[in-house]
Each structure stands twice: as C-alpha cells, then as structure tokens.
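Okay, here's what each chain looks like letter by letter:
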Amino acid sequence: MILLEINNRIVEETLSLKLENALAGNKPDTVEVTFADFDGVLYHISNPNADKTKVMVSIALKFYKELQDHGADELLKRVYGSYLVAPEPGYNVSLLFDLDSIPPNKAEIVHQAGMLKRNCFASVFEKYFNFQQEGKEGESRALIHYREDETLYVEAKKDRVTVVFSTVFKDDDDVVIGKVFMQEFKEGRRASHTAPQVLFSHREPPLELKDTDAAVGDNIGYITFVLFPRHTNPSTRDNTINLIHTFRDYLHYHIKCSKAYIHTRMRAKTSDFLKVLNRARPEIEKKEMKTMSSVHGKFHHRLLQQSAFGDSAIAAVPREWAVQSSRVRPSDRHTRESHRQRQ
C-alpha cells in the first residue's frame, strides 16, 4: 500500500526554487501562496513587508494550543533555531528565510521546512516516549482534537505507550472497508514480530477510554496502537512518529482508493454484461411485404375476365387455367377440323 508523504512538497519545491534562483544571482520574485494540507492545516508562503529577499513560511493548526501544552514551542526552537520568528497574524508558527544569506546546508533547511507540520505533531509523542523510557506512570493522558469530531489520545506506561485514534466514517461502506484494513494490520503482526499491536473497536471506545467522554455511535471507530520500547527508543522513535502521525489520513486515503477501484470494476463488469446481452438479442425475421401495385394488377385482371365472359362459368376459372386453355396444341386443332369435315 502507498505511504503518504510526511513532508509538504509544495513548501519544499517553492522554497528550493527561491534559494536556487538567489544562488544563481537572479532577481528575486514575489511569492504569495496559500494552500491546505490534511487535518485542516493551512500554509502560507509570502514576502513579509513586500521584501522580495525574505521568504516566510507559516502554518495554522486549529489544535496548536493543545500541542503547546506538550512542548511544541520548545521542540520547534530546537529544530529551527534562528529561522523561527514571531508568527504572522492568523497563523501559529512562522519561519523566515533570508535569500541574501543562504547557509551551506540548504537541502537540510528546505527539508525541515517541509516537515513543519510533522514537527508540530512530534512534541506530544516525544513527551510520552520519554515518560515510558524514564519509567514514569500515572501521567495524565494527552488529548488532541486534531479534527472537529476526531481525537487523538496518548498515554504512557512503564512498558508501553498507547496511542488511540478516534475517527468518523461518513458512509456505511467505509466501516466495512475499514474493518478489512484493520484485519490486515492484525495479520501483519504474524509476519513481523517487531510490528506494534493494532486493535480496532467499532461503536464503543476501547477499555483505555472507558471512563472518558469518548464518542459513541455507529459511524465511530477507534484504532489503538500499542508501542513497545523497541518502537519508542531514541534510535527508532523518529520513524515511529513519521508513520503514526499520518495514520488517520493514510487509512481514509486507502478507503477512498478502494471504493474508486471497486466502482471501476463494477462499471467494467456492467459493460461486459451489456455486450453479452446485445449478442444474445434475436434477429428479426424479414417478411415479404405486398405492395399496392401487385394487388391492383390482380384486381384489374379479374375485371377483364368479367367484361369478356360476363356471368358465364369460364369467368370463374382461375387465371392459371385460362392461360393453359388458351395454349392449344396444333395436333388438337387438326383433330377438331377433321371431325367437323366428317359431319
């Protein structure tokens, strides 16, 4: 299955183009780009104060205040350093790049700018991974409303970290396909013993959320990941965060792709059935149609017979007989003449 990109390609391509043009000595251009990402995230790339030598990348997350409670500001300062500036109005985080002073590690700077959303998410995971590594237990559960009706729960134990996604399925078909995907995740652990445990519950929240106000309903699903120390240690946690923070988008993306594939196969099968029905249609028999000219000819011949013979019996003789009787053989004519002479 396809893994969604954890970075934003529009940010990377736009910023990379500006830096390359500056290195080539070209005159800087104006940039003004606004675009959206998964989970209601909004990006804005612009020139602050109309200064073309400066490029600002800003991001707006509706749930950023909840991430701040788990150290999002500190993590971003650690990753971006001096590039992190006061956010522009309407946005939560802003990065400022000076085209007149481009650092030698240009590729790394561009890549980290594209990972801005991921790094905002990473703060909550790193916090609870550290709790598990330090053996802390009893810490309050993290609660992130990353969508209007969907929530992320993170809880640390001495031997594991539990991550629960609540998600809303808009259609009944999505529930069925989602269960199939979840079953595949369960089966995947048999093939790889290092994979985390994955649990799926429909309608009711899992036991970890039994005493909370977690949503309940026919279109509600809960996906639980049980992460063990092999997934949360410093050498592997970055890859774990990369994969797990996009899981909700990954699941719904593949549900939509599956439905599109099923619809395509249904249309193709319907087209094949129509071809079979067209081949099975019976051919219409061609019947000889009588025209008015043929009917008029027969009627005219009957009138001629009536005028020539009147009401005599010969008028009733069929046309075929009349034609045959008019054709008298020469031998019959000679016999009649000799008979007349004897008399």
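Sequence positions are assigned chain by chain, starting from 1 and proceeding in written order. In view of the model being predicted, local features appear only for residues whose pLDDT reaches at least 70, and side-chain atom pairs are presented and counted only at 80 or more, with totals across whole chains, interfaces and linings using the full set of residues. Excluded from the side-chain calculation are hydrogens and water; included are all heavy atoms of the structure.

A short note on the overall build of the protein chain
Scanning the protein chain for helices and strands turns up 12 helices and 10 strands. When a residue's accessible area, from a 1.4 Å probe over protein chains only, is under 20% of the maximum for its type it is buried; when over 50% it is exposed; and in between it is partly exposed. Here the protein chain holds 343 residues, and the buried ones make up 37% of them. Intrachain contacts of the protein chain at a sequence separation of at least 6 include 62% that bridge at least 24 residues. Of the roughly 21800 Å² of accessible surface on the protein chain, a fraction of 54% belongs to carbon and sulfur atoms. A run of DSSP states H or I qualifies as a helix once it reaches four residues; a run of E qualifies as a strand once it reaches two. Both are numbered from the N-terminal end. For this analysis, residues touch if any pair of their heavy atoms sits within 4.5 Å. The Shrake-Rupley method, run with a 1.4 Å probe sphere, supplies the accessible areas, and residue values consider only the shown protein chains as cover.

Describing the packing of helix 1 (residues 9–23) against helix 4 (residues 106–114)
Axis definition: a line fit to C-alpha positions, over the contact stretch in the case of helices; interaxial angles, taken between N-to-C directions, run 0 to 180 degrees. Packing of helix 1 against helix 4 brings their axes to within 8 Å, and their N-to-C directions diverge by 150°. The angle between helix 1 and helix 4 falls in the class roughly antiparallel. As helix 1 packs across helix 4, the resulting crossing turns out to be right-handed. Between helix 1 and helix 4, the residues in contact are V11, E12, L15, S16, L19, E20 and L23 and K106, V110, H111, A113 and G114, respectively. By the convention adopted, Pro, Cys, Tyr, Trp, Phe, Met, Ile, Leu, Val and Ala count as nonpolar, Lys, Arg, Asp and Glu as charged, and the other residues, Gly among them, as polar. Here the contact of helix 1 with helix 4 is built from residues that sort into six nonpolar, three polar and three charged. Note on angle classes: values under 35 degrees are labelled roughly parallel, values over 145 roughly antiparallel, values of 65 to 115 roughly perpendicular, and the remainder oblique. Each helix crossing is assigned a hand: it is left-handed if the near helix lies turned anticlockwise from the far helix by less than a right angle, otherwise right-handed if that turn is clockwise.

Observations concerning helix 5 (residues 116–133)
Between the first and last C-alpha of helix 5 there are 25 Å, a value that for 18 residues agrees with the 26 Å anticipated at 1.5 Å per step. The largest bend in helix 5 is about 35°, located at A122. Taken across its 18 residues, helix 5 has 15 buried, putting it largely inside the fold. One less than the number of residues in a helix, times 1.5 Å, gives the span that helix is expected to have. To get the bend at a given residue, fit one axis to the seven residues ending there, fit another to the seven starting there, and take the angle between those axes.

Observations concerning the sheet that holds strand 8 (residues 161–168)
Paired through their backbone hydrogen bonds, the strands of a sheet run either parallel or antiparallel. Strand order in the open sheet formed by five strands is 6-7-8-10-9, and the pairing between neighbours is antiparallel. The sheet terminates laterally at strand 6 (142–144) and strand 9 (197–202), the two strands that pair on one side only. Neighbouring strand axes in the sheet, compared pairwise and without regard to direction, differ in orientation by 15° on average. Paired strands, as defined in this entry, are two strands with at least two bridges between them according to DSSP. Pairing of strand 6 with strand 7 (residues 152–156) involves three bridges; the strand directions are antiparallel. Residue pairing for strand 7: L143 is matched across the bridge by Y153. Here helix 5 sits on the sheet in contact with strand 6, strand 7, strand 8 and strand 10 (220–227), set at roughly 20° to strand 7. Across the sheet, helix 9 (residues 247–279) lies against strand 8 and strand 10, angled at about 40° from strand 8, the strand it touches most.

Notes on the side chain of H245
If you trace the backbone, H245 turns up in the loop between helix 8 (237–244) and helix 9. Within the local environment of H245, its side chain forms a polar contact with the backbone oxygen of I241, the two atoms lying 3.0 Å apart. Discounting residues that sit within four places of it in the chain, H245 has contacts with I6, R118, F121 and F125. N or O atoms closer than or at 3.5 Å make up a polar contact, with two conditions inside protein: a donor-capable atom paired with an acceptor-capable one, and, for residues adjacent in sequence, both atoms drawn from side chains.

Examining the pattern of salt bridges
A side-chain nitrogen of Lys or Arg and a carboxyl oxygen of Asp or Glu constitute a salt bridge if their distance falls within 4 Å. Scanning all chains against the criterion turns up 17 salt bridges. Close ionic contact of R160 with D159 constitutes a salt bridge, the shortest N to O distance being 3.1 Å. Under the relative-accessibility criterion, R160 is labelled partly exposed at 29%. Residue D218 pairs with R203 through a salt bridge whose shortest N-O separation is 3.0 Å. With D218 in the loop between strand 9 and strand 10 and R203 in the loop between strand 9 and strand 10, this residue pair connects regions lying 15 residues apart in the sequence. The class of R203 is partly exposed, set by a relative accessible area of 41%. Look at the salt bridges and you will find they share partners, linking D39, K117, R147, E150, R248 and D249 into a network.

Overview of the sheet that holds strand 3 (residues 54–60)
With antiparallel pairing, five strands are arranged side by side in an open sheet as 1-2-3-5-4. Looking at the sheet topology across the chains shown, the edges are occupied by strand 1 (32–37) and strand 4 (84–85). Pairing of strand 1 with strand 2 (residues 41–46), which is carried by six bridges, proceeds in the antiparallel orientation. Looking across to strand 2, one finds that A36 is bridged to L42.

What about the nonpolar core?
Take the buried residues of types Ala, Val, Leu, Ile, Met, Phe, Trp, Tyr and Cys, join any two whose side-chain atoms come within 4.5 Å, and each joined set is a nonpolar core. The biggest cluster of nonpolar side chains holds 61 residues, and the ones touching the most others in it are F125, L152, V154, V163 and F225. Of all the elements, helix 5 adds the most residues to this core, at nine residues. The contacts of L152, once residues within four sequence positions are left out, are F121, F125, A142, L143, I144, Y146, V163, V164 and F165.

Focus on unusual backbone geometry
Residue N49 is not a glycine yet carries a positive backbone phi of 55°. Take N49: it is sitting in the loop between strand 2 and strand 3. Look at N49 and you get exposed, because its relative accessible area is 79%. Of note in this structure, A50 is not a glycine but carries a positive phi near 60°. For A50, the location among the structural elements is in the loop between strand 2 and strand 3.

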